[in-house]
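Here's the letter readout for the chains.
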Amino acid sequence: MRHTGTLLIFAALLVALVVPVWLGGRHAVFASFDLATHAYLAIVALAVFGWSMRALKQWLLIQRLGLAVGAWRNLAISLAIDFAFLATPGGVGGYAAGIWYLRGIGASYAQATALAAADQVLDLMFFAIAMPVAALCLSQTAELSPWLAHGAAFGGIVALALLVALVLARRPIGAWFFGARGPLARIAFLRRRRNALRGFVDNVLAQTRVLMRGSPAYFALAFASTAVQWLARYGVLWLILTLFGAYVPFSLALLLQGVVLHVAQWTGMPAGGGGADLGLAATLAPFVATATVASALLLWRIATLYLNLLAGMISIVALRWQPGKQNDLTGGYADEHR
């Protein structure tokens, strides 16, 4: 499994380089490095700004549960988690990495799980709101046909409605899961651990309630940091296209990336390698010349994939050699009752 994972990572990195060259030839590579120095600095600055916003969101969640972490270590943890999301198929490694590193700052399993879930809920809320808004902004323009724009808006509204329904239905779902006809009673492996699982879920819910008791200003700041994080990350491609002289509305760049990148995760390749590049090339083709798209995609991958992976690897090494021992993840559930 380890060799397969490593092979997938290298395959994704290679495909991310091959696709732009295949689309635009050697000219695309040369054109990618033809911009002025200040243009590259702007691209890197926007990418780094997105990292800092994700770290701010994480710090707000950590502080809400009464945990302490320094600014630099918090940034390193955020980058290490981002590395895991990018380097694993479907981003599944990011969830495990989040729990691992949060345990390292003294969080219990329940706290770490609640924090990881809250992070994902904030992301889902942003996309459920941003995608319909972006689509509606384009519905009256020539960039996107009205039926497609309204379809995207409807999809985002449905996603937001499902998220709200899931939150409201958490008690019935919990009652079914732990009930006589639920999976906990039917599956022997789970049935033997019924009490431990119930205690763990109760503790996660208790930590979630602590997060939910934040003030309106706290929630506004947490959501704002989430929104700016994703706007900065998705704004990198828009900025690169603008620097190449290709005008694309920001709402269009946001919408295309929001759809294509999430669909590409289902290809099984880390960071949607290949699928994301081809998908963006195809969807941008009606608005931007193929050669420009190829050059832009190459720079985009460098700024949002290679740079992220490099920062993540440095962070992982720094956290590994930082004084203090990482909490043992093989421990029991005793710390869940804190």
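Source: prediction; values computed, not measured.

For helix H4 (residues 93-103), the complete set of buried residues consists of Gly93, Gly94, Ala97, Gly98, Tyr101, Leu102 and Arg103. Of the surrounding elements, those touching the buried residues of H4 are helix H2 (37-64), helix H3 (71-87), helix H5 (109-138) and helix H14 (290-320).

Further remarks concern the packing of H2 against helix H11 (residues 216-243). Any two packed helices are characterised by how steeply their axes cross, that is the angle between the axes, and by the distance between the axes. Orientation of H2 relative to H11, taken along the N-to-C sense of each, is 165°, at an axis distance of 9 Å. Relative to H11, the element H2 is oriented roughly antiparallel. In this structure, H2 crosses over H11, and the sense of that crossing is left-handed.

Here a ring pair, both rings aromatic, is described through the centre-centre distance and the interplanar angle of the planes. Tallied over the entire structure, the rule returns seven aromatic pairs. Ring geometry for Phe85 versus Tyr95: centroids 5.2 Å apart, planes at 80°, classification edge-to-face. With a gap of ten residues between them, Phe85 in helix H3 and Tyr95 in helix H4 connect regions that are remote in the sequence. The class for Tyr95 is partly exposed, based on a relative accessible area of 38%.

Turning to the pattern of salt bridges, a few remarks are in order. Scanning all chains against the criterion turns up five salt bridges. For Arg54, the salt bridge goes to Asp119, with nearest N and O atoms at 3.8 Å. On the criterion of sequence distance, the pair formed by Arg54 in helix H2 and Asp119 in helix H5 is long-range, its members being 65 residues apart. Side by side, Arg54 and Asp119 carry an identical accessibility label, which is buried. One salt bridge in this structure joins Arg233 and Asp82, with 2.5 Å as the shortest N-O distance.

Mapped onto the elements, Ala318 comes out in helix H14. The spatial distance from the C-alpha of Ala318 to the C-alpha of Arg73 is 8.8 Å, given a sequence separation of 245 residues.

Looking at the protein chain, pLDDT values average 82 and 78% of them are 70 or higher. Across residues 324-338, where pLDDT falls below 50, the model places 32 contacts with residues more than four positions away in sequence or in other chains.

So, on to the nonpolar core. Among the nonpolar cores identified, the biggest contains 38 residues, and Ile43, Leu237, Ile240, Leu241, Leu280 and Trp300 are the most heavily contacted of them. Elements that contribute at least two residues to this core include exactly H2, H5, H11, helix H12 (250-264), helix H13 (275-284) and H14.

The rules we used
- Per chain, the residues get numbers from 1 upward, laid out in the order the sequence is written.
- The predicted origin of the model limits local features to residues at a pLDDT of at least 70 and limits the giving and counting of side-chain atom pairs to 80 or more, whereas totals for whole chains, interfaces and linings rest on all residues.
- The side-chain quantities take in all heavy atoms of the structure and omit both hydrogens and water.
- Only protein chains enter the accessibility calculation, which uses a 1.4 Å probe; a residue is then buried when its area is under 20% of its type maximum, exposed when over 50%, and partly exposed in between.
- Every helix listed is a DSSP run of H or I at least four residues long, and every strand listed is a run of E at least two residues long, numbered separately from the N terminus.
- We call two residues in contact when some of their heavy atoms are within 4.5 Å.
- To obtain an axis, a line is fitted to C-alpha atoms, over the contacting stretch when the element is a helix, and the angle between two such axes runs from 0 to 180 degrees between their N-to-C directions.
- Working rule for angles: under 35 degrees goes down as roughly parallel, over 145 as roughly antiparallel, 65 to 115 as roughly perpendicular, anything else as oblique.
- Each crossing gets its handedness from the near helix: less than a right angle anticlockwise from the far helix is left-handed, clockwise is right-handed.
- Working definition: rings of Phe, Tyr and Trp (its six-membered ring) pair if their centres are within 6.5 Å, and the pair is stacked with planes under 30 degrees apart, edge-to-face with planes over 60 apart, and tilted otherwise.
- Definition used for salt bridges: Asp or Glu carboxyl oxygen within 4 Å of a side-chain nitrogen of Lys or Arg.
- As a per-residue measure, pLDDT reflects the predictor's confidence and takes values from 0 up to 100.
- Only buried Ala, Val, Leu, Ile, Met, Phe, Trp, Tyr and Cys residues count toward a nonpolar core, and they belong to the same one when joined by side-chain atoms within 4.5 Å.

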